[in-house]
Every structure is written in structure tokens, then in C-alpha cells.
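These are the residues of each chain, in order.
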Protein chains: 2
Amino acid sequence: MIDDMDRDTGEACMRHLTAFCPTYHRAIELIGRRWTGAILRAMLSGEARFSEIAAAVPGLSDRLLSERLKELEAEGIVRRTVVPSTPVRVDYALTDMGLALNEVIVAVSHWAEHWLAPTDERANLPKR
Amino acid sequence: MIDDMDRDTGEACMRHLTAFCPTYHRAIELIGRRWTGAILRAMLSGEARFSEIAAAVPGLSDRLLSERLKELEAEGIVRRTVVPSTPVRVDYALTDMGLALNEVIVAVSHWAEHWLAPTDERANLPKR
DNA sequence: TCAAGTAGCTTACGATAAGTAATTTTCAGA
DNA sequence: TCTGAAAATTACTTATCGTAAGCTACTTGA
């Protein structure tokens, strides 16, 4: 269903902002999937193992982490390495493509700091 | 279920990248929802009316556009104005908070241009 | 004046994705 | 042999999405 947007004339929808850009769209739908942004941030901050990432992202289940890592690997953003030690270890690392997402994460962090900052009354809501 | 992340100690998870940052997390899950990134881009490029946005984002249905706009309005990113002309018009505009997302959209576009550009052989992959 | 059309939604419902929990596999160490 | 941890996977429930249709208020055109 997303198919009809994948024909990209190419080149910059960026030279001036067009209303719709297939390349941008693929990117935002990819990194915007649930949990993916949090996983990428954890990895950029240095987490490399399955259980480290899981521990760094509260609320994220094994099932979804596994699924998201597979997707990111398929996209070329993450590289999975099995270290044949005993016990076997699995390391996840960002590829260059993944590392380049740092700028996006920083831009989001920046916006979030400024506009969703915890001085926000939400932070003080009753909340169980 | 996202509740237990909302207790934000505040201040920058940004001074050095922490593995998890509740503020960042709210932001990325908010703007990363399906279609939201595309809607924001369309609005940043000037589209202001319901039908203009709908036309600018192929594949997006009225139902979801309506839902997303309501969410964005509730978050303070979009302002809805009913112009009492005949026929009544509804204009949507980005607030300052919404306009500030321009930097995020540009960062994503930039990354997308570089890493997902249409010359990419991925364009012909079977697709997930 | 009456049928058809447009903008901006809303409702209904089946399909897909996400959440929760339990289970699996492989090895190490006690 | 039993326990435990890591990295999944399977089974099942619930939430979100996609598709289609309907609705209301107004306009246009015949």
C-alpha cells in the first residue's frame, strides 16, 4: 500500500521543501516505528548487547526488540555479530548508515528538551 | 504503559547521550506515529487545509488524517482555525512548537537523501 | 428547483501490529 | 543434575490501522 510512493523521481525533495517526498517518507516511517527511535538512541549511547538495549529501554519487550533489530539489520542500519565465545554472545552495532542517524536523534532531543521539557506540568501529574 | 517513563528527572539527557531519556522518548513516539512525519512535512511546506494535506500525502485516509490532526492539536503542535466564511473553511497551521520541528524534518530528509536515495538498489527489493 | 459535487469529518468493521506471558536452546558453574 | 543467564520464539490478547461508507452544510450547474 506504500508501494505507490516508492517510485522516487529521485534527487532532492529537499532543495525546496516539497509537500511529499517518497525518500523522506520511507525514512520517517522506518525510524518512526514504535520503539525504533528509543533503540537507536540506546545504541548510539553505546549499548551493544540484546539485554543491554532491553534494559535501557523500559517497557520494550524481548519480542519487539528482536523484531525491530531484525528490521534495522535488514535495512542496513544495524549489524549483528555473533561472538563465538562461551556462552555465545550477540553484539549489535550501528553501521555507518546507523551512526549517521545521530544527527536526527540530536535534532529530536533538542526539540524535545525545548518543547516537552519536564518543567511541563505533565511531569507532575498524580500518576499512580 | 508508557506511564512509568514519564517521571522525568528533567534537564538534559542530552549533555551526554544517555541510554534512555523520557523526554526524547515522548517526542519520538509522538512525531514518529504513522503518517505524522508526512503530515508535518506537508504542513511545513505550506499546506494548510484538510484536503490539501490529504492530497499531499498519498495513501493517507481521511480518518487517520483527522485523528492525527486532533492529536497534534492536543499536543500544541498544530492550531485549528475555523474560518466562518461561506462555506465554512478549516485552516490548520503549525504553532511555534510545530514550526520548530523543521530542524528535525530537515535532519531526516538529509539522512534519507544520503542513505535511501533512489539510486539505491533497495528501491527494487521485494519489500519487507 | 433539483441532482450532483465538495470539504471535513465520523462510524463500522475486518486486518495488521503491538503487548503480555510462557517456553526454548545452549552453555557455564555449583 | 540443577540452576541461571542470554537471546530468542511461540501463543494468545488487545490496540491501532486501513477501507469503505455515510453524514452535514454548502455550492454549482442544468
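Structural notes, computed from the coordinates. Residue positions within a chain follow its written sequence, with the count starting from 1. Each chain gets a letter, beginning with A, and each ligand a number, beginning with 1, in the order they are written. The model is predicted, so local features are restricted to residues of pLDDT at least 70 and side-chain atom pairs to those at 80 or more, both for listing and for counting; the totals for chains, interfaces and linings are taken over all residues. In computing side-chain properties, one takes all heavy atoms of the structure into account and sets aside hydrogens as well as water.

**So, the overall build of chain A**
Under the DSSP-based scheme used, a helix requires at least four consecutive residues in state H or I and a strand at least two consecutive residues in state E, with every element numbered from the N terminus. If you tally the helices and strands in chain A, you get six helices and two strands. Secondary structure elements of chain A occur, N-terminal to C-terminal, as α-α-α-α-β-β-α-α. Only heavy atoms enter the contact rule, under which two residues are in contact if any of them lie within 4.5 Å. Here the analysis covers contacts within chain A between residues at least 6 apart in sequence; of these, 42% occur between residues at least 24 apart.

**Some details on the protein's contact with DNA strand D**
Taken together, 22 residues lie around DNA strand D, and A:K70, A:R80, A:Y92, B:R63 and B:R68 are the ones closest in. Only a single heavy atom is needed: when it lies within 4 Å of a molecule or strand, its residue is near that molecule or strand. Looking at DNA strand D alone, sugar and phosphate atoms form 66% of those within 4 Å of the protein. The definition of a polar contact used here is a pair of N or O atoms within 3.5 Å, where within protein one atom must be able to donate a hydrogen and the other to accept one, and adjacent residues in sequence count solely through side-chain atom pairs. Between DNA strand D and A:S51, the relevant distance is 2.9 Å, taken from a phosphate oxygen to a main-chain nitrogen or oxygen of the residue. One nitrogen or oxygen atom from the side chain of A:K70 is found 2.7 Å from a phosphate oxygen belonging to DNA strand D. When grouped by side-chain class, the residues that make up the surface near DNA strand D number seven nonpolar, four polar and eleven charged. Classification used: nonpolar for Ala, Val, Leu, Ile, Met, Phe, Trp, Tyr, Cys and Pro, charged for Asp, Glu, Lys and Arg, polar for all others including Gly.

**Structural notes on unusual backbone geometry**
Residue and element names in this part refer to chain A. If you check the backbone angles, W35 has positive phi at about 80 degrees while not being a glycine. Along the chain, the position of W35 falls in the loop between α1 (22–31) and α2 (36–44). For each residue, the accessible area found with a 1.4 Å probe, counting protein chains only, is set against the maximum for its type, and the residue is called buried under 20%, exposed over 50%, and partly exposed in between. Classification of W35 by relative accessible area gives buried; the value is 9%.

**Structural notes on the packing of α2(A) against helix α6 (residues 102–115) of chain A**
All names here are of chain A. The contact between α2 and α6 brings their axes to 10 Å, and the two run at 110 degrees. Taken together, the axes of α2 and α6 are roughly perpendicular relative to one another. For the pair α2 and α6, the sense of crossing is left-handed. In this structure, α2 uses L40, R41 and L44 to contact α6, whose residues at the interface are N102, I105 and S109. Each axis is a line fitted through C-alpha atoms, taken for helices only over the stretch in contact, and angles between the N-to-C directions span 0 to 180 degrees. Angles are sorted into four bins: roughly parallel if under 35 degrees, roughly antiparallel if over 145, roughly perpendicular if 65 to 115, and oblique for all others. For any pair of crossing helices, the crossing counts as left-handed if the nearer helix is rotated counterclockwise from the farther one by less than a right angle, and right-handed if it is rotated clockwise.

**Quick look at the environment of B:L40**
All names here are of chain B. Relative to the helices and strands, L40 is located in helix α2 (residues 36–44). Linking L40 and L69, residues 29 residues apart in sequence, is a C-alpha distance of 9.7 Å. Beyond its immediate stretch of four places on either side in the chain, L40 contacts I31, L72, I77, L94, L101 and I105.

**Remarks on the side chain of B:T95**
All names here are of chain B. Note that T95 resides in the loop between β2 (89–94) and α5 (96–99). On the accessibility criterion, T95 (11% relative accessible area) is buried. For T95, the residues in contact, after removing those within four places along its chain, are G76, I77, V78 and R79.

**Here we look at the nonpolar core**
Buried together is how nonpolar side chains tend to be arranged in soluble globular proteins. Residues belong to one nonpolar core when they are buried, are Ala, Val, Leu, Ile, Met, Phe, Trp, Tyr or Cys, and are joined through side-chain atoms within 4.5 Å. A:I39, A:I77, A:W111, B:I39, B:I77 and B:W111 are the most contacted members of the largest nonpolar core, which has 78 residues in total. In this structure, B:W111 is in contact with A:A27, A:L30, A:I77, A:M97, A:A100, A:L101, A:V104 and B:L116, ignoring residues within four places of it in sequence.

**Topic: the protein's contact with DNA strand C**
DNA strand C sits among 21 residues. The nearest are A:W35, A:R68, B:K70, B:R80 and B:Y92. Close to the protein, within 4 Å, the atoms of DNA strand C are drawn from sugar and phosphate at a rate of 64%. Side-chain polar atom of A:R68 to a phosphate oxygen of DNA strand C: 2.7 Å apart, as the coordinates give it. A distance of 3.0 Å is found between a base nitrogen of DNA strand C and a side-chain nitrogen or oxygen belonging to B:D62. Residues that form the surface near DNA strand C fall into these classes: six nonpolar, four polar and eleven charged.

**Examining the packing of α1(A) against helix α6 (residues 102–115) of chain B**
At a closest axis distance of 8 Å, the pairing of α1(A) and α6(B) adopts a crossing angle of 110 degrees. The orientation of α1(A) with respect to α6(B), classified from their angle, is roughly perpendicular. Of the residues in α6(B), those touching α1(A) at A:T23, A:Y24, A:A27, A:I28, A:L30 and A:I31 are B:I105, B:V108, B:S109, B:W111, B:A112 and B:E113. When the residues that make up the contact of α1(A) with α6(B) are grouped by side-chain class, the tally is nine nonpolar, two polar and one charged.

**Quick word on the side chain of A:R41**
Tracing the sequence through the fold places A:R41 in helix α2. Look at A:R41: it is buried, it has no salt bridge, and the nearest opposite charge is A:E113 at 6.7 Å. Residues within four places of A:R41 in sequence aside, it is in contact with A:I105, A:S109, B:C13, B:M14, B:L17, B:T18, B:A19, B:C21 and B:Y24. Under the convention used here, Asp and Glu are negative, Lys and Arg are positive, and both His and the chain ends fall outside the count. The working definition used for a salt bridge is a side-chain nitrogen of Lys or Arg within 4 Å of a carboxyl oxygen of Asp or Glu.

**Let's talk about helix α1 (residues 22–31) of chain B**
Most of α1(B) sits inside the fold, with ten of its ten residues counted as buried. Listing the buried residues of α1(B) in full gives B:P22, B:T23, B:Y24, B:H25, B:R26, B:A27, B:I28, B:E29, B:L30 and B:I31. Where α1(B) is buried, its residues meet α2 and α6 of chain A together with α2, α4 (62–75) and α6 of chain B.

It is worth stressing that arrangement in space is one thing and function is another; only the former is reported here.
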